[in-house]
Amino acid sequence: MPVYIGLDIGGTKCMVAAADAAGRELARARAETPTGLREGLDLLHAMIARVAGDAPIAGIGAAIGGPLDYATGLVSPLHQPEWRAVPLKAIMEARYGCPCAVDVDTNVAALGEYRLGGVTADRFLYMTVSTGIGGGFVVDGSLYRGAGGAHPELGHQSVPPRCAHPARVACECGAPDCLEALASGNGIRRVYGKPAEALTDAEWAEVAYHLGQALRNLAAIYAPGVITLGGGVAVGGGSRLLDGIRATMAAHTRLVPLPDVRLSALGYDTALRGAISIAMHGF
Ligand SMILES: [Zn+2]
């Protein structure tokens, strides 16, 4: 029985899963991501061998940090400095003799959530709030892509800070006032001097306000029916975050329908499940 392989390649950890032709997961492996490129590729091949066993591989899908070119499958993930212009798609297709689809992790997660998370909206926005902030937009079942295939960066929209320490707000991209500088895991550490899990209720309310304003911006521009939030900060924040986001959006969203804002149905598996889905069905 042929299997489909999903790869979720992150800056700190990798997950690999094998699924059957119905998309049911058969086996999974997880490991720390090595710094070196050679070690990283060797590890992926070993993990694929472990989850696939003797079964022939019918397709591979990979979720990895950008920037990358999804058409050629050349990847240069920002948080893996030794991976530069790596032909991941070509490497996998040559080794396993099957198609390999590669995309930015947040796009893959968006498709995973859309196809497997019970979303029925034809305009669907997924945002991950994790170490950084990013997202993907699904329109009539297909990923929205920017000019020349560019990946939109939802975390780098401008949101005016309204917090106790505005002088500490600084984005890693170089701009002073991005959403990511206010509400991502790294941004929260810089602004509040502690990890998200240690925030007080008042501090969560500030983070929720900033996320709510950012999602209000996106609702005003794109009018999505459903917005799903994933990633460790969003899942960990839970209702403390979601309630504040909904209240901010309800108070500030005018002229466009108020989107249904939810937490991810797939939790930490959105990108991995999405990778299996693009292995089976492409984009
Ligand atoms: Zn930025």
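In what follows, the structure referred to is the one given above.
Notes on the structure in this doc start here. Owing to the predicted nature of the structure, the values given are computational and were not obtained by experimental measurement.

### Observations concerning the pairing of strand S1 (residues 3–9)
Next, step 1: The element S1 is largely enclosed, with a buried count of seven among its seven residues.
Next, step 2: By the alternation rule, side chains of S1 split into Val3, Ile5, Leu7 and Ile9 and Tyr4, Gly6 and Asp8, which are all buried.
Next, step 3: Looking at chain direction, S1 and strand S4 (residues 57–64) are connected through seven bridges and run parallel. When the bridges of S4 are listed, Gly6 appears paired with Gly61.
Next, step 4: In this structure, S1 lies alongside strand S2 (residues 13–19), joined through six bridges in antiparallel fashion. Each bridged residue has a counterpart across the sheet, and for Ile9 the counterpart in S2 is Cys14.
Next, step 5: If you look at the hairpin formed by S1 and S2, you'll find three residues sitting between the two strands.

### Structural notes on the coordination of the zinc ion
Next, step 1: At 2.0 to 2.4 Å from the zinc ion lie its protein donor atoms, namely His156 (ND1), Cys171 (SG), Cys173 (SG) and Cys178 (SG).
Next, step 2: Metal-centred angles of 106 to 119° between the four donor atoms at the zinc ion mark the site as tetrahedral.
Next, step 3: Of note, the donors binding the zinc ion are all from one chain and are spaced H-x14-C-x1-C-x4-C. With His156 in the loop between strand S11 (142–143) and helix H4 (179–183) and Cys171 in the loop between S11 and H4, the pair connects residues that are 15 residues apart, well separated along the chain.
Next, step 4: According to the relative accessible area criterion, Cys171 is buried, its value standing at 8%.

### A few points about the pattern of salt bridges
Next, step 1: Summed over the entire model, instances satisfying the criterion amount to 11 salt bridges.
Next, step 2: The partner of Arg28 in a salt bridge is Glu25, and the shortest N-O contact between them spans 2.7 Å.
Next, step 3: Across the pair Arg28 and Asp269 runs a salt bridge, and its minimum N-O distance is 3.0 Å. Separated by 241 residues along the polypeptide, Arg28 in strand S3 (residues 25–32) and Asp269 in the loop between strand S13 (260–263) and helix H8 (270–281) bring together distant segments of the chain.
Next, step 4: Exposure remark for Asp269: the relative accessible area of 21% places this residue in the partly exposed category.
Next, step 5: A single salt-bridge network, built from bridges that share partners, covers Glu25, Arg28 and Asp269.

How each quantity is defined
Sequence order as written defines the numbering, with residues in each chain counted from 1. In view of the model being predicted, local features appear only for residues whose pLDDT reaches at least 70, and side-chain atom pairs are presented and counted only at 80 or more, with totals across whole chains, interfaces and linings using the full set of residues. For side-chain calculations, the full set of non-hydrogen atoms in the structure is used, while hydrogens and water are omitted. Throughout, exposure labels follow a simple rule: accessible area from a 1.4 Å probe, protein chains only, divided by the maximum for the residue type, with under 20% read as buried, over 50% as exposed, and the rest as partly exposed. Secondary structure elements follow DSSP: runs of H or I of four or more residues count as helices, runs of E of two or more count as strands, with numbering from the N terminus. Whether two strands pair depends on DSSP finding at least two bridges between them. As a rule, N, O and S atoms within 2.8 Å of a metal are its donors, except that Na, K and Ca use 3.2 Å; water is not among the atoms, so sites may look incomplete. A four-donor site is called tetrahedral if each angle lies between 85 and 135 degrees; a four-donor site is square planar, and a six-donor site octahedral, when trans pairs exceed 155 degrees and the remaining angles lie between 65 and 115; all other cases are labelled irregular. In the sections that follow, a salt bridge refers to a side-chain nitrogen of Lys or Arg positioned within 4 Å of a carboxyl oxygen of Asp or Glu.

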